[in-house]
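Letter by letter, the chains look like this.
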Amino acid sequence: MTEQSPNLDEMNTRSREVFRRVVEGYLESGAPVGSRTLTRDFSEQVSAATIRNVMQDLEYLGLLGSPHVSAGRIPTQLGLRLFVDGLLEVGDLDGQDREKIDRTLTSNNQDVTSVLDQIGQALSGVTHGASLVLTPKHEAPIKHIEFVSLSADRALVVLVFGDGHVENRVFTPPLGQTPSSMREAANFLNAIAAGHTLSDLSAVISREIKTRRQEINALAAELVENGVVLWENEGESTERLIVRGRGNLLGEGGDEADLARIRTLFDDLERKRDIAQFLDLAEEGEGVRIFIGSENKLFSLSGSSLVVSPYMNADKKIIGAVGVIGPTRLNYGRIVPIVNYTAKLVGKMIVDRS
C-alpha cells in the first residue's frame, strides 16, 4: 500500500482498463474476476500472464484484493472509491423505476409522513436495497414554549406552533434546574421566539443571550442556551427516520457473520444512534453523495454502502434526505439517478403542500 492514494491519471491505459473491468465485473456478479476472463474481450491482444502482472501491481497499490490464493481479484474499498469518483458512468433513470416512484404521489389526501413512508417503500422496491427517508422537522413558527420538570434529570418541553401543532418533548436539562429557573427560561424564550421556527431559534438565542444576559439568572440562561440542542437531539419522534426494505439485505444469503453485521446496522438505526449524523452527511453539499463501507461509521460493521441526497423546502433550505443502503457492490450507476430523482420529487412535494 502506498502512502498516497493512487490517481487514475498516473495509470497507463492498460492498467486503467484492467482496473475498470475488474470493478465492473465484480459489481455485476459479486464474484472475483480472473485474468483469463479479462483476456477474452480486452482491447488489445495480451496474455493472461500480462494481465496477472497488472493485477498484482493494482493490488500493491491497494486498489484490488484477492479473497483466496487461487481466486481472481475484487476491488478494495479504496478501489471502489477511486472507481466511483473517476470512472463511474451514471445512467438515465429507467422509465419503469420513475413510474413506480411517481405512483406514490397519486393521493393528495395523505399527510406528508404517510407519503414519505410510501416513497421509502417504493425506493426500496426499485433498488432492491434498504431505503432511508429522513422526514422534515415541523417548520411552522413557534407560538408558545413551556417547561415542566418531571424529575431531577428529566424535563418536558411543550412546543405550541402557530398552525396549531403541539409537540411534547422529553429531554435532559442541565444540572441544577429548578421550577423557578424553568419558568424564567420559558418567559425569556417566549419573549424572543414568537414568529421563529425551531430551526431558526438557535441563532436567535445566541444573539439575544449576549445582549440580554443580565435579564436572566445563570440557571435559566444555561437552559436557554442548551435547551434547543437538547430538544432536537433527544426529543425527536422515532418516526423521523423511516427505514424500509431491511429484508432485502437480510435475504441476500450471506454467511452468519454477514447477517450479524447487517442486523447490527439495523439495530443502530432503530435506536436512532446516528440520525443526526445521517442528516449531517446530506447537509454537507447538494446532490447525491456516496459513502462506501467504513467511510461512514454508521456502516463500518456492515460492509454496506450508502447513496444519499438531501431535499429542500421552498426557501432552498435542506430539511431532510433520502438514501439507499446496499452491499458495497451496489449498481451505483443505476442507484444514483434513482436517489437523485426521488430527492427532487420529495422536495417538490414538500413545496407544493407547504
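Residues numbered from 1 in each chain as written. Predicted model: local features only at pLDDT ≥ 70, side-chain atom pairs only at ≥ 80, totals over all residues. Heavy atoms only, no water.

As recorded in an unreviewed UniProt entry, the chain goes by the name Heat-inducible transcription repressor HrcA, listed as coming from Yoonia algicola. Recorded under Sequence similarities (unreviewed entry), the UniProt text for the chain is reproduced unchanged: "Belongs to the HrcA family." As recorded by UniProt, the Function (unreviewed entry) comment attached to the chain reads in full: "Negative regulator of class I heat shock genes (grpE-dnaK-dnaJ and groELS operons). Prevents heat-shock induction of these operons." (UniProt positions renumbered as here; feature names shortened; annotations may be inferred.)

**Student:** Whenever I open this one, the overall build of the chain confuses me. Can you help?
**Tutor:** Of the regular secondary structure elements, the chain holds 13 helices and 10 strands. Here the chain, with 354 residues, has 45% of them falling under the buried criterion. Across the chain, contacts joining residues at least 24 apart in sequence account for 62% of those joining residues at least 6 apart. For the chain, the computed accessible surface area is about 17800 Å², with 46% contributed by carbon and sulfur atoms. (Helix = DSSP H or I, 4+ residues; strand = E, 2+ residues; numbered from the N terminus. Buried < 20%, exposed > 50% of the residue type's maximum accessible area, 1.4 Å probe, protein only. Contact = heavy atoms within 4.5 Å. Areas by Shrake-Rupley, 256 points an atom, 1.4 Å probe, with all protein chains shown as cover.)

**Student:** Just checking my understanding: could you explain unusual backbone geometry for this structure?
**Tutor:** Notably, His-128 is not glycine yet its phi reads approximately 60 degrees, a positive angle. With phi around 60 degrees, Lys-316 is a residue other than glycine that occupies positive phi space.

**Student:** Before we go on, may I ask you to explain the packing of helix H6 (residues 112-127) against helix H13 (residues 332-353) in this structure?
**Tutor:** Geometry of a packed helix pair, given as the angle between the helix axes and the separation of the axes. Axis separation between H6 and H13 bottoms out at 11 Å; the angle between their running directions is 170 degrees. Regarding the angle of H6 to H13, the classification is roughly antiparallel. For the pair H6 and H13, the crossing hand works out as right-handed. The residues of H13 that touch H6, namely those facing Val-112, Val-115, Leu-116, Ile-119, Leu-123, Val-126 and Thr-127, are Arg-334, Ile-335, Ile-338, Thr-342, Val-346, Met-349, Ile-350 and Arg-353. In terms of residue class, the contact of H6 with H13 is made up of 11 nonpolar, two polar and two charged. (Axes fitted to C-alpha atoms, helices over the stretch in contact; angles between N-to-C directions. Parallel < 35°, antiparallel > 145°, perpendicular 65-115°, else oblique. Left-handed = near helix turned anticlockwise from the far one by under 90°. Nonpolar A, V, L, I, M, F, W, Y, C, P; charged D, E, K, R; others polar.)

**Student:** Sorry, what's going on with the pattern of salt bridges here?
**Tutor:** For side chains of opposite charge, pairing can occur when their charged atoms come near one another. What the rule picks out here adds up to 10 salt bridges. Of the charged contacts in the structure, one is a salt bridge between Arg-103 and Glu-99, with a shortest N-O distance of 3.2 Å. Judged by relative accessible area, which is 47%, Arg-103 ranks as partly exposed. Taking the relative accessible area as the measure of exposure, Glu-99 reaches 47% and is therefore partly exposed. Note that Lys-348 is salt-bridged to Asp-352, the shortest N-O span being 2.9 Å. Taken together, the residues span about one helical turn, with Lys-348 and Asp-352 both in helix H13 at a distance of four residues. Looking at Asp-352, the relative accessible area reads 53%, which means it is exposed. (Salt bridge = Lys/Arg side-chain N within 4 Å of Asp/Glu carboxyl O.)

**Student:** What should I look at first to understand helix H4 (residues 77-86) in this one?
**Tutor:** Each turn of an α-helix holds 3.6 residues, which means side chains three or four residues apart point in the same direction. Buried residues of H4: Gly-79, Leu-80, Arg-81, Leu-82, Phe-83 and Val-84, and no others. Against helix H1 (13-29), strand S2 (74-75), strand S8 (289-292) and H13 lie the buried residues of H4.

**Student:** How do you make sense of the confidence of the model for the chain when you look at a structure like this?
**Tutor:** Caution is warranted with low-pLDDT regions, since their predicted coordinates should not be read in detail. Of all residues in the chain, 83% have pLDDT values of 70 or greater, and the mean over the chain is 81. For the stretch residues 233-239, pLDDT sits under 50, and the model shows 14 contacts to residues farther than four places along the chain or on other chains. (pLDDT = per-residue confidence, 0-100.)

**Student:** Even after reading the chapter, I still don't get the environment of Leu-134, so can you show me in this structure?
**Tutor:** Secondary-structure assignment places Leu-134 in strand S3 (residues 130-134). Expressed as a C-alpha distance, the spacing of Leu-134 and Gly-320, which sit 186 residues apart in the sequence, is 5.1 Å.

**Student:** Honestly, the nonpolar core in this entry has me stumped. Any pointers?
**Tutor:** Here is a general trend for soluble globular proteins: nonpolar side chains tend to be buried in one another's company. If you look at the biggest cluster of nonpolar residues, it comprises 51 residues, and the most contacted ones within it are Val-18, Phe-19, Leu-58, Leu-116, Val-307, Val-322 and Tyr-332. Elements with a minimum of two residues in this core: H1, helix H3 (48-60), H4, H6, S8, strand S9 (304-312), strand S10 (318-327) and H13. Broken down by element, this core gets its largest block of residues, 11 residues, from H13. Beyond its immediate chain neighbours, meaning those up to four positions away, Val-307 contacts Val-288, Arg-289, Ile-290, Val-322, Gly-323, Val-324, Leu-330, Tyr-332, Ile-335, Val-336 and Val-339. (Core = buried A, V, L, I, M, F, W, Y, C linked by side-chain atoms within 4.5 Å.)

**Student:** Can you walk me through the pairing of strand S4 (residues 142-151) in this structure?
**Tutor:** It is a general feature of regular strands that their side chains alternate between the two faces of the sheet. Where S4 and strand S5 (residues 154-161) come together, eight bridges link them in antiparallel fashion. By the bridge assignment for S5, Ser-151 is matched with Arg-154. Linkage of S4 to S5, two consecutive antiparallel strands, is achieved through a turn of two residues. (Pairing = 2+ DSSP bridges.)

**Student:** Would you explain the sheet that holds S10 in this entry?
**Tutor:** What holds strands together in a sheet is hydrogen bonding between their backbones, with the strands either parallel or antiparallel. Reading across from one edge, S7-S3-S10-S9-S8 is the order of the five strands in this open sheet, with antiparallel pairing throughout. Each end of this open sheet is capped by a strand with a single partner; those strands are strand S7 (241-244) and S8. Along the sheet, successive strands turn relative to each other by an average axial angle of 15 degrees, direction set aside. Pairing analysis gives four bridges linking S3 to S7, with the strands arranged antiparallel. From the neighbouring strand, Val-133 faces S7, where its bridge partner is Ile-242.

**Student:** I keep staring at the environment of Pro-173 and nothing clicks. Help me out?
**Tutor:** Following the sequence through the fold, Pro-173 ends up in the loop between strand S6 (166-171) and helix H7 (179-193). Accessibility expressed as a relative area gives 8% for Pro-173, which makes it buried. For the pair Pro-173 and Leu-156, spaced 17 residues apart in sequence, the C-alpha to C-alpha distance is 9.1 Å.

**Student:** What is the right way to read the pairing of S3 from this model?
**Tutor:** Of all five residues in S3, five are buried; the element is thus mostly enclosed. Summarising the sheet, S3 and S10 pair through five bridges and their orientation is antiparallel. Across the sheet, residue Ser-131 finds its bridge partner in S10, namely Val-324.

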